[in-house]
Amino acid sequence: MTDIARAAGCSQATVSFVLNNAPGIKLSQQTRKRVTQAAQELGYRLPGSNGHTRASPSTLLDGVIGFAVDQLATSPEAVVAIEGVRQASWNAGNVVLVAQTMSDAVMEPRALSTLAAQGPSALIYMTIFTREIVAPPQLAELGIPVILLNCHTADYAFPAVVPSEIAGGQNSTRHLIRHGHRRIATITGEPWMQAAQDRLKGYRRALATADIPFDPDLVIEGDWSASAGYAATAKLLALDNPPTAIFCQNDRTAIGCYEALKEAGLRIPRDMSVIGYDDEEIARHLFPPLTTSVLPHLAMGQWAVEQLETPMQPGTGRYPITKLECSLVERESVARAHAR
């Protein structure tokens, strides 16, 4: 919807209303035509167009899918994943029931019991931070298929899907290397988090593959915040041999990085290339628009529903962890390195 909205010159909400043919929404035919043409030109097939078939109700799903997530109100990632589940199951007539658990020892079991009481045919269990978890005992006792989203267990007891963070960090760094940068810094997230660890692994792998020596002075620990991005960038600029490019491991860090660079009188990307991660809404509105990587929560939600089409025995067997690509969105914050 973001791509279509940009091409059609309208909001994502307008795109949603047009593509879903929402009742009671008054839009001009000109607007509707502009949205549908933009969608078709970008290669999307619209509902009702040739080649589109309405999904038939699944024999394994019978009307309700439970969705439990530790954080919802403060997390856009959860909302995106839920939308992916809805998109993948809507045409089959399934309703998605959502509960926030906060991973609370008392309230999480109650939330899961409440979802189970609604008679769901499957449950999707999500955590906001990608990590290995100890699954609540109730998940194995529900007697229905359970999918883990953005988390996994050590015993592989449930099918699980997570972002391919190592590959994402590697692709981001490679993109800078392909633009001639060899002095590449990175501002990490909190080191205890799996996403920060994996993105740093990807960064180091890309450097090693390109025979660029790893320099610990170019790795600054952050905490995912804009203020940490600002402070880390100031440290990097104070080095005797500062970098020519900075890989910020999330977009909020990149916001602070932008501010520090502009305060220092440096222009992006002429004087410093910057790359982010997560593709938050703000990334496309920065000046210049930020090159970043997509966190595939929408695709992970869709993937979770697709797995429910395959029979599985809850609590038995071992299931692989599926990793989905964090694709790079190239914008205008990266340019070729200049010799210093």
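Look above for the structure.
What counts and what doesn't
- Residues numbered from 1 in each chain as written.
- Predicted model: local features only at pLDDT ≥ 70, side-chain atom pairs only at ≥ 80, totals over all residues.
- Heavy atoms only, no water.
- Phe/Tyr/Trp six-rings, centres within 6.5 Å; stacked < 30°, edge-to-face > 60°.
- Helix = DSSP H or I, 4+ residues; strand = E, 2+ residues; numbered from the N terminus.
- Buried < 20%, exposed > 50% of the residue type's maximum accessible area, 1.4 Å probe, protein only.
- Lys NZ or Arg CZ within 6 Å of the ring centre and 35° of its normal.
- Contact = heavy atoms within 4.5 Å.
- Pairing = 2+ DSSP bridges.
- Axes fitted to C-alpha atoms, helices over the stretch in contact; angles between N-to-C directions.

Caption draft 1: A look at the packing of aromatic side chains. As enumerated under the stated definition, the model contains two aromatic pairs in all. An angle of 80° between the planes, with centres 6.3 Å apart, marks the rings of Phe129 and Trp192 as edge-to-face. A residue pair is termed long-range when its members are at least 10 positions apart, and Phe129 in strand 3 (residues 122-133) and Trp192 in the loop between strand 6 (184-188) and helix 8 (194-209) qualify at 63 residues. A relative accessible area of 34% places Phe129 in the partly exposed class. Ring plane angle 40° and centroid distance 6.4 Å describe the contact between Phe247 and Tyr277, whose orientation is recorded as tilted. Within this pair, whereas Phe247 is found in strand 8 (residues 245-248), its partner Tyr277 is found in the loop between strand 9 (273-275) and strand 10 (292-293), the two being separated by 30 residues in sequence. Owing to a relative accessible area of 0%, Phe247 belongs among the buried residues under this scheme. Above the plane of the ring of Trp90 lies Arg86, whose end atom (NZ or CZ) is 4.9 Å from the centre. The ring of Phe214 is capped by Arg204, whose NZ or CZ atom sits 3.7 Å from the centre of that ring.

Caption draft 2: Quick peek at the environment of Tyr258. With respect to the helices and strands, the residue Tyr258 is situated in helix 10 (residues 251-263). Given the relative accessible area of 1%, Tyr258 is considered buried. In this structure the C-alpha to C-alpha distance between Tyr258 and Asp279, which are 21 residues apart in sequence, comes to 16 Å. Filtering out sequence-adjacent residues up to four positions away, Tyr258 remains in contact with Ile268, Val274, Leu286, Phe287, Pro288, Pro289, Leu290 and Ser333.

Caption draft 3: Just the sheet that holds strand 11 (residues 321-324), in detail. Read from one edge of the open sheet, six strands run 2-1-3-4-5-11, paired in parallel fashion. The open sheet is flanked by strand 2 (95-100) and strand 11, the only strands paired with a single partner. Going across the sheet, the axis of each strand differs from the next one's by a mean of 25°, ignoring polarity. Here strand 3 pairs with strand 4 (residues 146-153) via seven bridges, running parallel. Residue pairing in the sheet places Ile133 in a bridge with Thr153 of strand 4. Against the sheet, helix 4 (residues 76-90) touches strand 1 (64-69), strand 2, strand 3 and strand 4, its axis set at about 150° to strand 3. Along the sheet face, helix 11 (residues 297-307) touches strand 1, strand 3, strand 4, strand 5 (160-163) and strand 11 and points at about 140° away from the line of strand 4.

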